[in-house]
Amino acid sequence: MGTFDVSTRFHADPRVVCARVAGGAETIGVWVSCLMWRSANKNMPDPVVGKVPPVWFIPESVAKAELGRRRKPLAALLKWGLWERHTWEGVKGYKILAEKDLWRIKRRAPGVYKRPLISQLVRDSIYARDGFKCLHCNTTERLSLDHIYPYSLGGTDDPGNLQTLCVSCNSRKGVSA
Ligand SMILES: [Zn+2]
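Counting restarts for each chain, with residues numbered from 1 along the sequence as it is written. Confidence filtering applies because this is a predicted model: local features only for residues at pLDDT of at least 70, side-chain atom pairs given and counted only at 80 or more, and all residues used for totals across whole chains, interfaces and linings.

1. Examining the overall build of the protein
Helix and strand assignments come from DSSP, with helices taken as H or I runs of at least 4 residues and strands as E runs of at least 2, each series counted from the N terminus. Each helix and strand counted, the protein has seven helices and five strands in total. Put simply, the protein runs from its N terminus to its C terminus through helices and strands in the order α-α-β-α-α-β-β-α-α-β-β-α. Residue burial here comes from a neighbour count, namely the number of other C-beta atoms, placed from the backbone, that lie within 10 Å of the residue's own C-beta, with 20 or more meaning buried, 12 or fewer meaning exposed, and in between meaning partly exposed. Expressed as a percentage of the 177 residues in the protein, the buried residues total 23%. Taking contacts inside the protein between residues at least 6 apart in sequence as the whole, the part at least 24 apart equals 57%. A pair of residues counts as a contact when their C-beta atoms, built from backbone coordinates, are separated by no more than 7 Å.

Below, the structure written as structure tokens:
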């Protein structure tokens, strides 16, 4: 799998690194940036209808601002099912596939998207920082990493966003690392 060439703006995001989409290397970067944009602006009402759009919806105006005049990324986003055309409250735009729904892409094109693993070095450093115990129940058994701000909403693998939870506390929270 080739290295993914993305703009410097998204370069730090671990999710854009090991993906390659036939429609252009930018596609996943654009998709991730829109996920991040939505999670950062999720309480902002749409100027047309005055209501807050759902987090999975990107109005066309926002898509244009993200994509500029480039057509290839948009075509690829639609082709791979990362986005779908959608009208919300009379506003034209796109429905964004959530991170948790990536199985749809995996089924269509196995190997196109692969989420990078958190390295053992980072894992060990988080466990050590948290005293090798679950921060919820203090157990030292079956430890796992948890994203404090969910990965599916744009949370990063940055150590500041990671904490040690046991497998059962982590699954109770509903979001796994
Ligand atoms: Zn626990």
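Continuing now.
2. Regarding the pairing of strand β3 (residues 91–96)
Bridging between strand β1 (residues 57–59) and β3 involves three bridges; their strand directions are antiparallel. What sits directly across from Pro59, in β3, is Gly93. Following DSSP output, two strands are said to pair if at least two bridges run between them. Of the strand pairs in this sheet, strand β2 (residues 83–88) and β3 are connected by six bridges, and their pairing is antiparallel. Following the sheet pairing, Arg85 is matched in β3 by Tyr94. Here β2 folds back onto β3 in antiparallel fashion, the turn holding two residues, of which Glu89 has a positive phi close to 50°.

3. Concerning helix α6 (residues 120–129)
For α6, the tally of buried residues reaches only zero of ten residues, placing the bulk of the element at the surface. One or two residues past the end of α6 sits Gly131, with phi positive at roughly 75°.

4. Remarks on the confidence of the model for the protein
pLDDT measures how confident the predictor is about each residue, on a scale from 0 to 100. Chain-level pLDDT for the protein is 74 on average; 67% of the residues reach the 70-or-more range. At the level of individual helices and strands, the protein shows its lowest average pLDDT in helix α1 (residues 8–11), which scores 37, and its highest in strand β5 (residues 162–166), which scores 94. This stretch, residues 1–23, has a pLDDT under 50; its non-local contacts, to residues over four places away or in other chains, come to 49 contacts.

5. Some thoughts on the sheet that holds β1
Taken together, the three strands give an open sheet; going across it, the order is β1-β3-β2, and neighbouring strands pair in antiparallel fashion. What marks the edges here is a single partner per strand, and that holds for β1 and β2. Neighbour-to-neighbour, the strand axes of the sheet open up by a mean angle of 40°, direction not taken into account. Fitting a line to C-alpha atoms yields each axis, with helices limited to the stretch in contact; the angle taken between N-to-C directions then spans 0 to 180 degrees.

6. Notes on the environment of Pro45
With respect to the helices and strands, the residue Pro45 is situated in the loop between α2 (26–40) and β1. Judged by the 11 C-beta atoms lying within 10 Å of it, Pro45 falls in the exposed class. Beyond its immediate sequence surroundings of up to four residues, Pro45 is in contact with Gly50, Lys51 and Val52.

7. Some thoughts on the pairing of β5
A regular strand carries its side chains on alternate faces of the sheet. The buried count for β5 comes to four of five residues, which makes it a mostly enclosed element. As defined by bridge partners, strand β4 (residues 143–147) adjoins β5 across five bridges and the pair is classed as antiparallel. Along β5, the bridge assignment pairs Ser144 with Leu165.

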